[in-house]
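Examination of the molecular architecture
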Amino acid sequence: MAKIIEKHDSDTEFIFTCPICGTIFTEIERNMFSEFFSGAGVEKFICKITCPNCSRTENWDVNELKEYKEE
């Protein structure tokens, strides 16, 4: 696996845990498909994220996303 020496993009990276298989993975902002949801008196943006392990696509509330920070 190659080591990234410099990062040239400004995309935010978020961390997810698949509710089906439990895989913990990260996704960058540009690969996340988001759409506006309105129904039952609730209006919010949702992201559709696909697990790289089981290929299950889940909806995630944009306000509940956790940014990934390398330690």
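Please refer to the structure placed before this passage.
Let me begin by describing the structure that accompanies this report. (Residues numbered from 1 in each chain as written. Predicted model: local features only at pLDDT ≥ 70, side-chain atom pairs only at ≥ 80, totals over all residues. Heavy atoms only, no water.)

So, on to the nonpolar core. Phe14, Phe16, Cys18, Phe25, Met32, Cys47, Ile49, Cys51 and Leu65 together form the largest nonpolar core, which totals nine residues. For this core, the secondary-structure elements that each account for two or more residues are strand 1 (13-17) and strand 4 (42-50). When sequence neighbours within four positions are dropped, the list of residues in contact with cysteine 51 reads Cys18, Cys21, Thr23, Phe25 and Arg56. (Core = buried A, V, L, I, M, F, W, Y, C linked by side-chain atoms within 4.5 Å. Buried < 20%, exposed > 50% of the residue type's maximum accessible area, 1.4 Å probe, protein only. Helix = DSSP H or I, 4+ residues; strand = E, 2+ residues; numbered from the N terminus. Contact = heavy atoms within 4.5 Å.)

So, on to the pairing of strand 4. Successive residues of a regular strand alternate their side chains across the two faces of the sheet. One ladder, built from seven bridges, connects strand 3 (residues 33-39) with strand 4; its direction is antiparallel. When the sheet's bridge partners are listed, serine 34 is paired in strand 4 with cysteine 47. Where strand 3 folds back onto strand 4 in an antiparallel hairpin, the turn is made up of two residues, including alanine 40, whose phi is positive at roughly 55°. As paired elements, strand 4 and strand 5 (residues 57-61) share five bridges and run antiparallel to each other. Within strand 5, the residue paired with cysteine 47 across the bridge is tryptophan 60. As consecutive antiparallel partners, strand 4 and strand 5 are separated by six residues, and within that stretch serine 55 has a phi angle of approximately 65°, a positive value. (Pairing = 2+ DSSP bridges.)

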